[in-house]
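Coordinate inspection notes
Read off the chains here:
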Amino acid sequence: MKKTYIIGTSGHSRVVLDILEKRGQDIAGFLDEDEATHDTMINNYPVIGYVSKLKELEASVIIAISHNPTRRKIFNQLSSYNVQLINAIHPDTTINSHVDLGTGNLIAAGAVINSNSVIGDNVIINTGATVDYESRIEDHVHISPGVNLGGNVTVKEGAHIGIGASVLPGVTIGENVTVGAGAVVINNLEANAVYAGVPAEKVRDIN
Ligand SMILES: CC(=O)SCCNC(=O)CCNC(=O)[C@H](O)C(C)(C)COP(=O)(O)OP(=O)(O)OC[C@H]1O[C@@H](n2cnc3c(N)ncnc32)[C@H](O)[C@@H]1OP(=O)(O)O
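Residues numbered from 1 in each chain as written. Predicted model: local features only at pLDDT ≥ 70, side-chain atom pairs only at ≥ 80, totals over all residues. Heavy atoms only, no water.

Under the annotation held in an unreviewed UniProt entry, the protein chain carries the name Acetyltransferase and is attributed to Halonatronomonas betaini.

The following block contains the structure:
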């Protein structure tokens, strides 16, 4: 089995570590672009160095960074390396057998993904979130803890749905949108903006 490296050292990365331990992965340690973290220990595993260390290695990797633009940037960096992105799926999840799941994804404890949904690459479906039938979650999306998506929802690349938000069936959420915590999204949301409230309304554009 190839050794597995976790990119990122935040609290989120410790959630990923726990899942990989539960899955019996052979974990080498962490990598991080912040030099101050190097040679420290996280839950008994070393922070080994920069992400570029992976250039020299044939390794399994998961990017454990919740900030979508940063996670996307590192995903693109890894595309020229000889590494294998893996999924980190907590054993306590319910994923329908007819779900099409990409790679480099975190599916955290208690998450549910229902039938015929499609999940891209480098996605986070966080603790206790539900994605209902025939939904489409594109690359680099973060579905936060406790979010509920109705059936036939589309979440476009790079969008972030905040904690506890609900999205009505059939809604499309545009690229790079942020939905505020607790929002109820009843209409399609145009790309590159922040929306919040019940029902969700635009707060500001994202440049
Ligand atoms: C495991 C984990 O921790 S995963 C982490 C998941 N993270 C989240 O869920 C965070 C989601 N982010 C939010 O909800 C943020 O508050 C955002 C993105 C909606 C807004 O953030 P900012 O752009 O910094 O806006 P800011 O805090 O200045 O608020 C702007 C206005 O929106 C209001 N607002 C902010 N958040 C919300 C919200 N969730 N619902 C309703 N209104 C909100 C503010 O009261 C403010 O109103 P005002 O202009 O009348 O004073």
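1. Here's the deal with the overall build of the protein chain
When its secondary structure is counted, the protein chain shows 2 helices and 25 strands. Taken against the 2.2 N^0.38 rule, which gives 17 Å for 207 residues, the C-alpha radius of gyration of the protein chain at 17 Å falls within 12% of a compact globule. Seen through its principal axes, the protein chain has C-alpha atoms that stretch 45 × 40 × 30 Å. Looking at the protein chain residue by residue over its 207 residues, the buried ones come to 48%. (Helix = DSSP H or I, 4+ residues; strand = E, 2+ residues; numbered from the N terminus. Rg over C-alpha atoms; globule rule 2.2 N^0.38 Å. Buried < 20%, exposed > 50% of the residue type's maximum accessible area, 1.4 Å probe, protein only.)

2. With respect to empty space enclosed by the protein
What the rule picks out here adds up to 1 cavity of 30 Å³ or more. Of the voids in this model, the largest cavity is the one considered here, and its volume is about 30 Å³. Lining the largest cavity, in full, are His12, Val16, Ile62, Ile63, Ala64, Arg71, Gly104, Asn105, Leu106, Val123 and Ile124. Of all the secondary structure elements, the ones that give two or more residues to the lining of the largest cavity are helix H1 (11–22) and strand E5 (60–63). Of the residues assigned to the lining of the largest cavity, the class counts are 7 nonpolar, 3 polar and 1 charged. (1 Å grid on protein atoms, 1.4 Å probe; cavity = no way out; pocket = protein on both sides within 12 Å on 5 of 7 lines; lining within 4 Å. Points joined across faces, edges and corners; volume = space filled by probe spheres on them. Nonpolar A, V, L, I, M, F, W, Y, C, P; charged D, E, K, R; others polar.)

3. Some points on the UniProt feature "domain: PglD N-terminal" (unreviewed entry) in the protein chain
Under the present numbering, the feature "domain: PglD N-terminal" (unreviewed entry) in UniProt falls on residues 5–78. Between the C-alpha atoms that bound residues 5–78 the distance is 12 Å, and the span itself is 31% helix and 26% strand. (UniProt positions renumbered as here; feature names shortened; annotations may be inferred.)

4. Re the domain arrangement of the protein chain
Domain boundaries in the protein chain define domain 1 (4–86) and domain 2 (89–196). Listed per partner, the contact involves 16 residues of domain 1 and 22 residues of domain 2. Between domain 1 and domain 2 lies a buried interface of about 1,500 Å² when both sides are counted; carbon and sulfur atoms form 57% of it. For the pair domain 1 and domain 2, the interface holds 1 salt bridge. (Domains from an automatic or database assignment. Contact = heavy atoms within 4.5 Å. Buried area = accessible area lost by both parts, 1.4 Å probe. Salt bridge = Lys/Arg side-chain N within 4 Å of Asp/Glu carboxyl O.)

5. Considering the sheet that holds strand E17 (residues 148–149)
The strand order across the open sheet formed by 6 strands is E8-E11-E14-E17-E20-E23, and the pairing between neighbours is parallel. A strand with exactly one partner marks an edge of an open sheet, and here the two such strands are strand E8 (94–95) and strand E23 (184–185). Relative to strand E11 (residues 112–113), E8 runs parallel, the two sharing 2 bridges. Its bridge partner being in E11, Ile95 is matched across the sheet by Ile113. (Pairing = 2+ DSSP bridges.)

6. Examining the sheet that holds strand E1 (residues 4–7)
Pairing within the open sheet is mixed, and its 6 strands lie in the order E3-E4-E2-E1-E5-E6. Every interior strand has two partners, whereas the edge strands, strand E3 (41–42) and strand E6 (84–85), have only one. Each of E1, E5 and E6 touches helix H2 (residues 68–78); the most contacted strand, E5, lies at about 155° to it. (Axes fitted to C-alpha atoms, helices over the stretch in contact; angles between N-to-C directions.)

7. Re the pairing of E1
With burial as the criterion, each face of E1 is covered, one bearing Thr4 and Ile6 and the other bearing Tyr5 and Ile7. Bridge analysis of E1 against E5 gives 4 bridges, and the strand direction is parallel. Among the inter-strand pairings, Ile7 is bridged to a residue of E5, identified as Ile63. The parallel pair E1 and strand E2 (residues 27–31) is bridged by H1, and the resulting crossover is right-handed. (Right-handed = clockwise from strand over helix to strand, strands pointing away.)

8. With respect to the site of the ligand
Surveying the vicinity of the ligand reveals 14 residues, the closest of which are Ser144, Gly162, Ile163, Ala181 and Arg204. Here an oxygen atom of the ligand sits 2.7 Å away from a polar atom, N or O, in the side chain of Arg204. For the ligand, the accessible surface in isolation is 970 Å², of which the surrounding protein chains cover 40%. Residue classes in the shell around the ligand are distributed as 6 nonpolar, 7 polar and 1 charged. (Near = heavy atom within 4 Å. Polar contact = N/O pair within 3.5 Å; in protein donor to acceptor, adjacent residues only side chain to side chain. Areas by Shrake-Rupley, 256 points an atom, 1.4 Å probe, with all protein chains shown as cover.)

9. Focus: the nonpolar core
Core analysis: the largest hydrophobic core is formed by 31 residues, its most contacted members being Ile125, Ile137, Ile143, Leu149, Val155, Ile173 and Val179. Not counting residues within four places of it along the chain, the set of residues in contact with Val155 comprises Arg136, Ile137, Glu138, Val141, Ile143, Leu149, Ile161 and Ile173. (Core = buried A, V, L, I, M, F, W, Y, C linked by side-chain atoms within 4.5 Å.)

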